[in-house]
Amino acid sequence: MKLVYVFDAYCGWSHGFSGTLSEVVARHPELPVEVVSGGLFTGSRRVPIRQFGYVQGANAQIAEVTGAEFGEAYERLIADGSFVMDSEAAARGLAALREAAPDRAAELAVELQRVFYVDGLSLSDPATYRKIAEDAGLDADAVVTAFESPGAKAAAEADFRRAAELGVNGFPTFLAVDGEGGVTELAYGRATADEIDERLGAAAIL
């Protein structure tokens, strides 16, 4: 049995789920966690943020409901509307971090969102991954090299396919997958750690 967290680093609700994810992982060290990037802003959706007029209003709701922090540096980054959220680049970044520390994928996914939504760093910038790696005690040069490699692009595309194969069409989605490939949805959008524990118990997973 393992947990599968399907998120998009540029999804505000995924950022809002970070506290729950961290709590569940801390409560259940016996359950491995697979972290999969979704492709929310790819292709024709990879456009300046001003074209998504709902973002700031949605963020206010997310902060109210989940307590998630949206920092001043993030607000400055998106203020003029020209910033482009590129989920493929973010997925490459997660792949590079995940390769460096597979057992810390959930922790690194949370940090990936924090540096964007709090520190206002672009997830398309190699320097962002250098900072995350250094702060996490990882080999920063290796992470940056991996981020810029063809392997990271292939890993990002594999993540997008994996999300589709799991039937995920929105983020964040938190799943339990058993050894036979059976999938139980534990959360979609938002949930508390207690609610997820109840669902794990109801599914006889715990």
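In what follows, the structure referred to is the one given above.
About the cut-offs
- Residues numbered from 1 in each chain as written.
- Predicted model: local features only at pLDDT ≥ 70, side-chain atom pairs only at ≥ 80, totals over all residues.
- Heavy atoms only, no water.
- Buried < 20%, exposed > 50% of the residue type's maximum accessible area, 1.4 Å probe, protein only.
- Helix = DSSP H or I, 4+ residues; strand = E, 2+ residues; numbered from the N terminus.
- Arc of directions from axis to C-beta.
- Polar contact = N/O pair within 3.5 Å; in protein donor to acceptor, adjacent residues only side chain to side chain.
- Contact = heavy atoms within 4.5 Å.
- Phe/Tyr/Trp six-rings, centres within 6.5 Å; stacked < 30°, edge-to-face > 60°.
- Axes fitted to C-alpha atoms, helices over the stretch in contact; angles between N-to-C directions.
- Parallel < 35°, antiparallel > 145°, perpendicular 65-115°, else oblique.
- Left-handed = near helix turned anticlockwise from the far one by under 90°.
- Nonpolar A, V, L, I, M, F, W, Y, C, P; charged D, E, K, R; others polar.
- Core = buried A, V, L, I, M, F, W, Y, C linked by side-chain atoms within 4.5 Å.
- 1 Å grid on protein atoms, 1.4 Å probe; cavity = no way out; pocket = protein on both sides within 12 Å on 5 of 7 lines; lining within 4 Å.
- Points joined across faces, edges and corners; volume = space filled by probe spheres on them.

1. Some remarks on helix α7 (residues 126-136)
Reasoning step 1: Looking at α7, one finds that the buried residues are Thr128, Tyr129, Ile132, Ala133 and Ala136. The buried residues of α7 occupy an angular sector of 130 degrees when projected down its axis, which confines them to one face. Of the exposed residues in α7, those oriented more than 90 degrees away from the buried face are Glu134 and Asp135.
Reasoning step 2: Of the residues that open α7, the one with a side-chain oxygen 2.9 Å from the backbone nitrogen of Ala127 is Asp125.
Reasoning step 3: Phi for Gly137, located one or two positions after α7, is positive at around 75 degrees.

2. Some thoughts on the environment of Ala155
Reasoning step 1: Tracing the chain through its elements places Ala155 in helix α9 (residues 150-165).
Reasoning step 2: For the pair Ala155 and Ala96, spaced 59 residues apart in sequence, the C-alpha separation works out to 8.8 Å.

3. Quick look at the side chain of Thr20
Reasoning step 1: The topology assignment puts Thr20 in helix α2 (residues 18-27).
Reasoning step 2: Among residues more than four places away in sequence, those in contact with Thr20 are Ala191, Thr192, Ala193 and Ile196.

4. Quick word on the packing of aromatic side chains
Reasoning step 1: Taken as a whole and judged by the stated rule, the model has 14 aromatic pairs.
Reasoning step 2: Here Tyr5 and Phe7 contribute two aromatic rings whose centre-to-centre distance is 5.3 Å and whose plane-to-plane angle is 15 degrees, an arrangement assigned as stacked. Neither Tyr5 nor Phe7 differs from the other in exposure class; each is buried.
Reasoning step 3: Connected via pairs of aromatic rings, a cluster forms that spans Tyr10, Phe70, Tyr74, Phe83, Phe116 and Tyr117.

5. Observations concerning the packing of helix α6 (residues 105-117) against α7
Reasoning step 1: For the pair α6 and α7, interaxial distance at closest approach is 11 Å and the crossing angle is 130 degrees. When the axis of α6 is compared with that of α7, the two are oblique. With respect to the hand of their crossing, α6 and α7 are arranged in right-handed fashion. When α6 is examined against α7, the residues Leu108, Glu111, Leu112 and Val115 are found in contact with a partner set consisting of Thr128, Tyr129, Ile132 and Ala136.
Reasoning step 2: Classifying every residue of the contact of α6 with α7 gives six nonpolar, one polar and one charged.

6. Observations concerning the nonpolar core
Reasoning step 1: Counting residues in each nonpolar core, the largest one holds 54 residues, and the members touching the most others are Leu112, Leu123, Phe174 and Ile196.
Reasoning step 2: The element contributing the most residues to this core is α6, with nine residues.
Reasoning step 3: Discounting chain neighbours no more than four positions away, the residues touching Ile196 are Phe17, Thr20, Val24, Phe174, Leu186, Ala187 and Ala191.
Reasoning step 4: Grouped together as the second largest cluster of nonpolar side chains are ten residues, Val4, Val6, Cys11 and Phe171 included.

7. Details of the layout of surface pockets
Reasoning step 1: Here the largest pocket defines a volume of roughly 290 Å³.
Reasoning step 2: Surrounding the largest pocket, 19 residues form its lining, Gly16, Phe17, Thr20, Thr66 and Ala191 being those nearest its centre.
Reasoning step 3: If you list the elements that add at least two residues to the lining of the largest pocket, you get α1 (12-16), α2, α3 (55-66), α6 and α10 (193-202).
Reasoning step 4: Here the lining of the largest pocket is built from residues that sort into seven nonpolar, eight polar and four charged.
Reasoning step 5: For the second largest pocket, the calculated volume is near 250 Å³.
Reasoning step 6: Forming the walls of the second largest pocket are 18 residues, and the residues nearest its centre are Tyr10, Cys11, Gly12, Leu40 and Tyr54.
Reasoning step 7: Looking at the lining of the second largest pocket, the elements with two or more residues in it are α1, α3 and α6.
Reasoning step 8: Class assignment of the residues belonging to the lining of the second largest pocket gives a composition of 14 nonpolar, three polar and one charged.

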